[in-house]
Amino acid sequence: MNLTGILEGILFVVGDEGVTLSQICDILEIEMDEAKKLLKDLKESYESDAKGIRISYLGDAFKLTTKKEHKEYYTKLLENPEANTLSQSALEVLAIVAYNQPITRVEVDNIRGVGTSHVVRRLVAKGLIKEVGKSTMPGRPNLYRTTSDFLDYFGLASLDDLPQLEQKETGFEEEKDLFTSIYKEEV
């Protein structure tokens, strides 16, 4: 089994969250020295000019990041009008943020059912959502809300102009007391 390839996939999947050395050891079921060697080998393979990403150690975790020397190209991508169309996933994340703000990325993930770190990063880069503080949840994740650019993009004067969401019926009748039985005990 190619542990270097598996480690690369793990780094890709965790995205902005990153992965700690102890997590790598637990997931791959290897010793600390072997995990360090795998990270070192993978990091060296990214040092080539032919690669556009690198492994960075940020906030006590290892993460895949873009190379700073390519920043001007990433900026052009984000500023390109053709690249400014929103994908279905971006629209879904924007709707979740707009109707539930302020909200953490993890809460967005839970509502959507899939990871959204890449989409949230792009929406922040496009200026449609922004970080507005830290949650009181464990780990103090960032809170996000929509921006005035979001309102401009969708032609809204304020968030009050958002369409009202329909409340779906759950199919459940009135709440019942689970401790009350319809059967009577005979004395």
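All of the points below concern the structure found in this document. For every chain, the first residue of the written sequence is number 1, and numbering continues from 1 onward in sequence order. The predicted origin of the model limits local features to residues at a pLDDT of at least 70 and limits the giving and counting of side-chain atom pairs to 80 or more, whereas totals for whole chains, interfaces and linings rest on all residues. Side-chain metrics rest on all non-hydrogen atoms present in the structure, leaving aside hydrogens and water.

1. What to know about the sheet that holds strand 5 (residues 142–146)
Here comes step 1: A pair of strands is labelled paired if DSSP reports no fewer than 2 bridges between them. Helix and strand definitions here come from DSSP, where helices need a minimum of 4 consecutive H or I residues and strands a minimum of 2 consecutive E residues; each element is numbered from the N-terminal end. As summarised here, the arrangement of the 3 strands in space is 3-5-4, forming an open sheet in which the pairing is antiparallel. Looking at the sheet topology across the chains shown, the edges are occupied by strand 3 (103–104) and strand 4 (129–134).

2. Let's talk about the pairing of strand 1 (residues 53–58)
Here comes step 1: In this structure, strand 1 lies alongside strand 2 (residues 61–66), joined through 6 bridges in antiparallel fashion. Within strand 2, the residue paired with Ser-56 across the bridge is Lys-63.
Here comes step 2: Hairpin connection from strand 1 to strand 2: 2 residues lie between these consecutive antiparallel strands, with Gly-59 at a positive phi of about 60°.

3. Thoughts on unusual backbone geometry
Here comes step 1: That bond from Gln-101 to Pro-102 is cis: its omega, -5°, falls within 30 degrees of zero.
Here comes step 2: Among the secondary structure elements, Pro-102 is positioned in the loop between helix 5 (88–100) and strand 3.
Here comes step 3: We note that Arg-140 has phi near 45°; this positive angle belongs to a residue other than glycine.
Here comes step 4: Note on placement: Arg-140 falls in the loop between strand 4 and strand 5.

4. Comments concerning the pattern of salt bridges
Side chains that carry opposite charge are capable of pairing whenever their charged atoms lie near each other.
Here comes step 1: By definition here, a salt bridge exists when the distance from a side-chain nitrogen of Lys or Arg to a carboxyl oxygen of Asp or Glu is within 4 Å. Counting across every chain of the model gives 6 salt bridges.
Here comes step 2: Note that Arg-112 and Glu-92 form a salt bridge whose closest N and O atoms lie 2.7 Å from each other. Of this pair, Arg-112 sits in helix 6 (residues 105–112) while Glu-92 is found in helix 5, placing the two residues 20 residues apart along the sequence.
Here comes step 3: You can call Glu-92 partly exposed: its relative accessible area is 31%.
Here comes step 4: Among the charged side chains, a network of salt bridges with common partners joins Glu-17, Arg-105 and Asp-109. Think of it in three bands: with a 1.4 Å probe and only protein chains considered, a residue is buried below 20% of the maximum accessible area for its type, exposed above 50%, and partly exposed in between.

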